[in-house]
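# Notes for the structure review
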Amino acid sequence: MADSYTIKMPQLSDTMTEGVVVTWEKNIGDKISRGDIVATVETDKAIMDVEVFREGYLSGPQAAIDSTVAVGDAIAFLVAIADDVQGADAEAPEDAQNAGSEGKPEIEVAADIGVPEGISHTIKMPQLSDTMTEGLVVSWEKNIGDKIERGDVVATVETDKAVMDVEVFREGYLSGPVVAIDSTIAVGDAMAYLVDNAGQVVEGEHTGSGAAAPAAAAVSSTPATPMKKTSAPMPSVSNDVTPAPRPENKQATPFARKLAASLHVNLNTLHGSGPDGVITADDVRAAQPVERPTEIGAQVPAHVMPEIQVPGHGRDMTAMEKAVSHSMTASLTMPTFRVAINAKPGAIIKAAKANGVSVTVAIAKACAVAMAKHPSINWAYQPVDKIVERENIDIGMAVSADGGGLVVPVLRHCESRSLEELNDSWGDLVDRARKRRLAPEEYANPTFMVSNMGMMGVSYFDAIPTPGTAAILAISAAGPEGMPLTITADHRVVNGAEVGMYLNTLKGAIENPEEWMGPTGPAIPEGDWDYDVVVIGGGPGGEDCARDLAGHGIKVAMINDAPFPGGECLWRGCIPSKAWRAAADRIRDRAHDSHLGVNGTNKAKLDWDALEATRRNVLETRGEMALKTDKGVKIDVIQGYALFESDHRVFVDTTANSDNPHARTPLGDASDGKHISFGCAVIATGAPPFVPPIPGAAEGVENGSVLTSDTVWGLEGVPKKLAVVGGGAIGVEMAQIFQDFGTKVTLFEAQDRILAEVEPEIAKHLTAILNDDPNLTIMTSTGLASIKGEPGAVKLSYKDSDGKSHTQTVDYVIMATGKRPLLEPLQLDKAGVAVENGIIKADARCRTSVPHIFAVGDVIGGLMLAHTAGQQGRVAAMTILGEDMQYDQDMDSGVIFSRPEAAFVGLSVEQAKAKGIDAVEVKMPMSIDAKAMITNETQGMIKIVADKASQRVIGVHYLADHADTLIGEGVMMVSGKMTLEQVANAIHPHPTQTEMFGEMARRLLSRLRRSKK
Ligand SMILES: Cc1cc2nc3c(=O)[nH]c(=O)nc-3n(C[C@H](O)[C@H](O)[C@H](O)COP(=O)(O)OP(=O)(O)OC[C@H]3O[C@@H](n4cnc5c(N)ncnc54)[C@H](O)[C@@H]3O)c2cc1C
């Protein structure tokens, strides 16, 4: 690029290191004058203009809107002459006519008499569905001479599927000649014109493609400019093409959307190969869309059949009749077969009623639930010799339109949306389908179809699948054998056995809807049980569950192998570690006092015995308080170790006591225990620390040189040198606490980052901050080879990230390499409870493979946190009581009690995008906050993550002092599904750090508003 000037991301504040491109205020190819604002960017403080003080033409490559660019990196270029202008990115169209007019409308100049002078825009018959080739003008919503604003609906047209609005995205005056009502014109032909001023308006109308129709010749008003070459040949896409609708839960580049519209590709079915899964033009091209006839009006039936002479005088088919006829004829190319099964509909009808949803929607969801096990039913044959494998389950279900005919609205994403969401969408779709007012994306490209004639009393029928699907399900009325379910399937995609297995799974889903739909009544089976519910384990999971059940009048026993409840959290986890953290905080804070002019306090000295006395006192007091409360709410607290004897009976070994962690497993001696029968059981037995098979580690645990989170509490003083193995929450907290106490600490982590559950940028910043602590070294990508020695002299051999071998000698090793449930002694096999990858398998309602046995907390894996266990305990209790409640990890939260604290609630952008959510984030450094400046707690940042479509907050991430308090507001935003606007409008008190939330929400809203322009 000769003589080009780089427009760089400017540093617009002293703390700014990167910026987000919010808008481009000029288009590629625009002439730029000195002082022009070419873009706006969001800094760490505000949205600001990017001004350019040169002249030239704006040229690519250009940073995409919403992309984050480091200060000093290029966001675009200026070139001296228009001919040197390059496209925004490699996806710009190659052909000069389109390329040069990126973002600028082509102006069509009509060559005919009667066409107004000075037309600024030709209103053409839009292609409103992928099969539409012509449309019938139903009404003009504006009159000739009317002033038209952007977004005005000027007319309605009938396509082959529905009556739809014609919107105009320009301003001007509506001018004739307009196409007469009831006339049919081809897609792309002129319907009317827009002119710049009222004086240019022409009256009159014509009847479509006949003689009066103006022959429009497209002439680009923008000079042709060469664009960057790309490797693949580009299809030409006119700028007048209305981009395809944004795909649901995904992103697509603007050009990909245009290309998709032009090539009739459904973006919902594509996987994006661009950054963060964005769908690019290449993905659209790779989708191998079906070729369409290029000649407008050449509506060719998909498969020409032999002509059959039918006597009589045939009337013309309506557009809808024609569409059905062509698609049914095309389906004759599919080699189909039929498989049928009977299912009893009673349970799903009852469950649908209990959940307030339609039976049709419940059956659609059941179809999707069954497809999770048999995905091929949802695939499709693609000519020639290809199979389209897809994950989105979009089910088309026929609805009778008012005035006759069938319309098939598509219920999208049945695989991921809740029954309630699907029910809401379906109600709306059916209303509009009846009136034939569906938008194309609402009836195009189903991946599976259902036809239900049960309500008509039809005893048996089968249905015809259409190309693009592999199968259609026909539902007939229930008889003595049940309701016949018949699938007609394409043998190129699925075989008989696959359809048979699918139908069996579907039958199961229809007959046992509570498995996927939730309870339709209490889960406690009838019987003469000792207890309605037995809860095994008295940690946060078991205790919260037992209290909820007792509060609802359920007869409940809580069996815990320790004298007091509280579990790991109280005795060996959250609470004792936070007592140590509190002491470490005081030591650390004293070092900050002098900047406020408070001197003589920074020589804090730790009195270990006093700290330990406080710690023990807190634990004991809380343990006694908990036991008193449990008994007070009428829980039968039984001390002992429980193991299953059957799916309705446990044996309780009353000699067991987990106060001695080494004696955790029971003796199983029938003389020292009791047998208890139960209706339901809840397993809340936690997960002890896991010691990996590193040579010498087990021996170290035995001789006390290797400590775990069970045994570290026995330390008699602060060690001088410590190695912490494992960079999870426990390891990081322990490492920094001891560094604050004055110990020299090395943390070894095998992975290339610490804190896997924490948002990546937050974890990266925290690593750097921890490494700045004088006594702490974080070593990632490190392999520990062996541990040898006695307490006071333990030698570790390890390989660093470069593969070099080293040794280090420390006083103790803290092994913080995760936790694993201890399942064998529970004798789960006697109850039939399934185990998967070392944890008890449980669904979102905490139900195990045995419907009346539940499992909660650390024993089911996932986030091993106390509040997670507590929430799951309440979910199990509610499910047992017959209420519909689920645990949703996407709403869960956590705090790493480091300094500054790392905390999270909900999803990161990365996690959201992996779930197909078009997410966007805004962040603010703590360094710009007044309170943080006063207290010299300026490290870190806060981020809000929002779903672009709904503008709801779906995640908040922190690296900040006091994040354990600040997280509360984030939790309410995420669990309350608050919108950015609600957060922005909430009145936060001043001066508090909570003001940052409002500020960030307002800033993100502003960015979203501007980038929509
Ligand atoms: C050092 C450390 C710090 C932590 N800090 C935090 C924190 O700050 N925040 C946080 O949220 N989480 C923290 N955790 C994690 C938290 O402690 C656990 O996630 C939580 O305690 C899990 O609760 P639970 O009910 O599943 O199991 P547990 O709390 O482990 O309770 C299970 C109970 O069941 C008993 N039991 C086991 N088997 C049987 C049986 N067969 N019969 C009878 N009783 C049995 C156990 O002895 C135990 O008392 C920390 C953990 C550690 C180790």
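### Topic: the overall build of the protein
- In terms of helices and strands, the protein carries 23 helices and 52 strands.
- The buried share of the protein, reckoned over its 1013 residues, is 49%.
- Here the contacts in the protein between residues at least 6 apart in sequence split such that 65% fall between residues at least 24 apart.
- For the protein, the computed accessible surface area is about 45,300 Å², with 52% contributed by carbon and sulfur atoms.

### A closer look at the packing of aromatic side chains
- Tallied over the entire structure, the rule returns 10 aromatic pairs.
- Between the aromatic rings of Tyr958 and Phe997, the centroid separation amounts to 6.1 Å while the plane-to-plane angle is 75°, which identifies the pairing as edge-to-face. One end of the pair, Tyr958, is in strand 52 (residues 953-960); the other, Phe997, is in helix 23 (residues 995-1012), and 39 residues separate them in sequence.
- Put simply, the rings of Trp580, Trp608, Trp713, Phe738 and Phe741 pair up and form one aromatic cluster.
- In this structure, Lys555 is placed above the aromatic ring of Tyr531, and the distance from its NZ or CZ to the ring centre is 5.0 Å.

### Here's the deal with the sheet that holds strand 48 (residues 893-896)
- Taken together, five strands build an open sheet; the order of strands is 48-49-52-51-50 and the sheet is antiparallel. The open sheet has two free edges, formed respectively by strand 48 and strand 50 (919-925), since each of these has just one partner strand. Each adjacent strand pair in this sheet contributes to an overall mean axis angle of 10°, direction not counted.
- Bridge analysis of strand 51 (residues 941-947) against strand 52 gives six bridges, and the strand direction is antiparallel. Bridge pairing in strand 52 links Ala946 to Val953.
- Of the strands in this sheet, strand 50, strand 51 and strand 52 touch helix 23, which is tilted by about 135° from strand 50.

### Concerning the nonpolar core
- With 75 residues, the main nonpolar core has Met191, Phe448, Leu473, Leu485 and Leu506 as its most contacted residues.
- Considering each element in turn, this core owes the most residues, nine residues, to helix 6 (residues 359-371).
- Here Phe448 is in contact with Cys367, Met371, Ile377, Asn378, Asp394, Ile395, Gly396, Thr469, Ala471, Leu473, Ile487 and Tyr502, once residues within four sequence places are set aside.
- By size, the runner-up hydrophobic cluster in this structure holds 61 residues, among which are Ala523, Ile635, Leu707 and Ala763.

### Some points on the site of the ligand
- Inspection of the region around the ligand gives 35 residues, with Gly541, Asp561, Glu568, Lys578 and Ala866 positioned closest.
- Between the ligand and Met864, the relevant distance is 3.2 Å, taken from an oxygen atom to a main-chain nitrogen or oxygen of the residue.
- Here Leu865 contributes a backbone N or O atom positioned 3.3 Å from an oxygen atom of the ligand.
- About the coverage of the ligand: the protein hides 95% of its 1,000 Å² of free accessible area.
- The set of elements that each furnish at least two residues to the shell around the ligand consists of helix 10 (540-551), strand 32 (556-560), helix 11 (567-572), helix 12 (574-590), strand 34 (641-646) and helix 18 (866-881).
- Element by element, the count of residues in the shell around the ligand is highest for helix 11, at four residues.
- Counted by class, the shell around the ligand contains 15 nonpolar, 15 polar and five charged residues.

So, how was this worked out
Residues numbered from 1 in each chain as written. Predicted model: local features only at pLDDT ≥ 70, side-chain atom pairs only at ≥ 80, totals over all residues. Heavy atoms only, no water. Helix = DSSP H or I, 4+ residues; strand = E, 2+ residues; numbered from the N terminus. Buried < 20%, exposed > 50% of the residue type's maximum accessible area, 1.4 Å probe, protein only. Contact = heavy atoms within 4.5 Å. Areas by Shrake-Rupley, 256 points an atom, 1.4 Å probe, with all protein chains shown as cover. Phe/Tyr/Trp six-rings, centres within 6.5 Å; stacked < 30°, edge-to-face > 60°. Lys NZ or Arg CZ within 6 Å of the ring centre and 35° of its normal. Pairing = 2+ DSSP bridges. Axes fitted to C-alpha atoms, helices over the stretch in contact; angles between N-to-C directions. Core = buried A, V, L, I, M, F, W, Y, C linked by side-chain atoms within 4.5 Å. Near = heavy atom within 4 Å. Polar contact = N/O pair within 3.5 Å; in protein donor to acceptor, adjacent residues only side chain to side chain. Nonpolar A, V, L, I, M, F, W, Y, C, P; charged D, E, K, R; others polar.

None of this, on its own, says anything about what the molecule does.
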